Amino acid sequence: MFNAGTIVKVLVANIPNAGYDYRLTESADIGTFVRVNVMNRPCVGIVWGLGDSNLPENKIKNISAVFSSRLNISDMQWIARMSEWTLIPMGMVLRLIVNIPDAFCPPRMEPLYEYNSDMSCRMTQNRQAVADAYSSNDNDAMTISDIQNIARVSAAVVRSMIKNETLVPVGVQPKNRDVPELIYRDCGNIVLNSQQQSAADVIGASIENGGFSVHLLDGITGSGKTQVYFDSAWRAYSAGRSVLLMMPEIALTAQFMSRFKNRFGQVPVVWHSNLTAARRREIWHGVLDGKIKMVVGTRSALFLPWQDLGLIVIDEEHDTSYKQEDMGNYHARDMAILRAKISGIPVVLASATPSAETLENVNLGKYKQLKLTSRYGGAQLPDITTIDLRENRPESYTVDETQQTGFLSQPLCDAISETLAAGHQSMLFINRRGFAPITQCKKCGWTAVCSECSVGMTYHKRIGKMLCHMCGRTMQMPKTCPDCGGDVSMRGVGLEKIEQEVKIRFPNVRTALVSSDIISSRQSLERLVNKIEQGEIDIIIGTQILAKGHHFPNLTLVGVVDADMGLFGTDFRAAEHTFQQLFQVSGRAGRGEYAGRVLLQTYQPEHPVLTAICAGDRDSFMQTDMMGRKMANMPPYGQLIAVIIEGQRESSLQAYCNALRDAIPNLKGAKIMGPITAQIYQIRNWYRMRFLVAGPRTANLQPVVSSWLKTVKQPVNIRVKIDVNPMNFM
Ligand SMILES: [Zn+2]
Ligand SMILES: [Zn+2]
């Protein structure tokens, strides 16, 4: 405890350094939340320790407010270690924790609006987004800024909805809503099978004994992993500890919520990016005050101010959405394990297709593997086979009297017909949005490229325009080539093109398209899931958005249109990710009483990824893949740090990169490679260059990178992004 008058160092959220000195006006513990002024702006910080600036007394400002809550010492250690690991400055790590506006001030008095669903007005896409924003917040009243942020609509849309009385004013934002303490109960209505029970008991023992441990709950889709970690959650929760269940946003489905409710008596507190400011604030304070002891959330839930955290569960641990790539690169799974290690608590990782990193930690004996091998309730694994496209070339078909290249082979079409005849559902998986990815001149070879990003424009039939998948810019499809006036044609295949082919080959079927641009919110996904469950859809055509988390008992055929897509990325994880994706997709078929089958269209059925999937042999596939990585010193056997340098002027970017190259230190064991032009050289008008730092697993590369970057002064118009263990090499 520091007494009033003590000079302390305060780590300030959102200020990228290690803190400033201030004078305490009342006594405070280490870790206590305080308000200080930085450049005359009030900011939230925490008391980090004794001051060490040696500034004269009269230069040191007073702390303006001391709050009653604090972070634990272990969380402060976590902030410091996370900063060392990710090279995100400590103040920016604290910002991830203090991630609600005006954390300790009463909220601003803003007018609130309710959604009036009785008002019948024409449902546009924007209005639907507003309706979805409300339903993702239990139809709570919202401020205008909430509506705009969550639904991602303009002020004009909101104004028009207020005018036509779909949005009704209901007063102003109340000060603090009081959060009642949330009590879950054990409904005790789930009987685990013997495999589940023994896994649950192993984890239960770790919870009881305390201390850091990591358990990999390794089970095929449908093997009942969720009930095992629910059991673990209950054991920790009923012992009075807090529990964090992390999952990808896409897995926060209504099906999951109802399973949770069925187990614990009520729906969980859910934390994700689309909550109102008031709701975020409520949950944040509820967790800080220990009133909310269990939260289901996306990666940012890790940064809630947890009190007495006793267990972290990370579902779909291999999922790439745990990797944050916009503002400070970190991997939420790895940072969760770091947090657990410092606090001395168990972690449960769940996956049907664990990442190579996790499997290697199992091999090293650091993580304990708990296998679930049978499908719960006796459902069968689907039968997975390839269709060799060299022998089964898809036939062309005709639309509006023009010949179109087909993408569905005869064996796949036959399987669809049989499935339709049996009254079952099919899913066609194609991991590409839009209609056609390439628009090209037949005469001179010109292709349509985004003017701000160096990527091709994809034609989207639904909006009738070409769209840049990098920045969202749209462009009219040119009638003729802008360079030579020749005819332009569209090449390649996206899911809209598959839908066109399906409608020609199976004229009366009911199709649904599923991709991130069409299914833009969890609510729109739920509506679709409902339609599929009600049997209103015969053929689902989609990207990986439907690849996880849903049970469709009547879905018995999965066709992968292009299993080769993704196998030839330049990224060393391409095979692993393709395998995970196809494996997940295959897991959709035959989860009910009917057996399912999966057909993979490919030009190279002998490829090891595909033979492994057909054999259902994940382990030998991963072994082969990891062997290759070991030879190449790639993660998890080696370490990589990417340094991405971006500039709006090519000349200054080039000059800075050259200076950095000249300053590359001589290193033992490790090396710094580059600069190279990034694969996508330009995004939103920023030019991009990359360095790659590589070293053995045991090397401590972070200090090397930070001291190297410090040797060259960074110009003002340059951005430097550091990505430790990068997933993305574009
Ligand atoms: Zn041309
Ligand atoms: Zn673009």
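For the structure, check the block above.
Right, let's walk through the structure included here.

Thresholds, definitions, all that
- Residues numbered from 1 in each chain as written.
- Chains lettered and ligands numbered in written order.
- Predicted model: local features only at pLDDT ≥ 70, side-chain atom pairs only at ≥ 80, totals over all residues.
- Heavy atoms only, no water.
- Helix = DSSP H or I, 4+ residues; strand = E, 2+ residues; numbered from the N terminus.
- Contact = heavy atoms within 4.5 Å.
- Buried < 20%, exposed > 50% of the residue type's maximum accessible area, 1.4 Å probe, protein only.
- Donors = N, O, S within 2.8 Å, 3.2 Å for Na, K, Ca; no water.
- Tetrahedral: all angles 85-135°; square planar, octahedral: opposite > 155°, others 65-115°.
- Pairing = 2+ DSSP bridges.
- Phe/Tyr/Trp six-rings, centres within 6.5 Å; stacked < 30°, edge-to-face > 60°.

Counting through the fold element by element, Glu26 comes out in the loop between strand E2 (20-23) and strand E3 (32-38). Among all residues touching Glu26, those that are not within four sequence positions of it are Ala4 and Val66.

Right, let's talk about the environment of Asn363 for a bit. On the secondary structure map, Asn363 appears in helix H11 (residues 356-363). What makes Asn363 exposed here is its relative accessible area of 57%.

Protein-derived coordination of the zinc ion (ligand 2) comes from Cys450 (SG), Cys453 (SG), Cys468 (SG) and Cys471 (SG), at a distance range of 2.3 to 2.4 Å. Seen from the zinc ion (ligand 2), its four donor atoms lie at angles of 106 to 115 degrees, and the figure they make is tetrahedral. All donor residues of the zinc ion (ligand 2) come from one chain, and their arrangement in sequence is C-x2-C-x14-C-x2-C. Like Cys471, Cys468 is buried.

Take the sheet that holds strand E24 (residues 465-467) next. Taken together, three strands build an open sheet; the order of strands is E23-E24-E25 and the sheet is antiparallel. In this open sheet, the two edge strands, each paired with only one partner strand, are strand E23 (458-460) and strand E25 (474-475). Bridge count for E23 against E24 is three bridges, and the pairing is antiparallel. Bridge pairing in E24 links His460 to Lys465.

We now examine the packing of aromatic side chains. Tallied over the full model, the rule gives 22 aromatic pairs. Centre to centre, the rings of Phe104 and Trp284 are 5.7 Å apart; their planes meet at 80 degrees, and the pair counts as edge-to-face. One end of the pair, Phe104, is in the loop between helix H2 (90-97) and strand E6 (111-115); the other, Trp284, is in helix H9 (residues 277-288), with 180 residues separating them in the sequence. Neither Phe104 nor Trp284 differs from the other in exposure class; each is buried. An aromatic cluster is defined as three or more aromatic residues linked by ring pairs; in this entry it consists of Tyr184, Tyr229, Phe230, Trp234, Tyr237, Phe256, Phe260 and Phe264.

Once that is clear, we can look at the coordination of the zinc ion (ligand 1). Taken together, Cys441 (SG), Cys444 (SG), Cys481 (SG) and Cys484 (SG) make up the full set of protein donors to the zinc ion (ligand 1), lying 2.2 to 2.4 Å away. Given four donor atoms and angles of 100 to 113 degrees at the metal, the environment of the zinc ion (ligand 1) is assigned as tetrahedral. Here the donor residues of the zinc ion (ligand 1) are spaced in sequence according to C-x2-C-x36-C-x2-C. With Cys444 in the loop between strand E22 (438-441) and E23 and Cys484 in the loop between E25 and strand E26 (488-491), this residue pair connects regions lying 40 residues apart in the sequence. With relative accessibility at 32%, the residue Cys484 sits in the partly exposed group.

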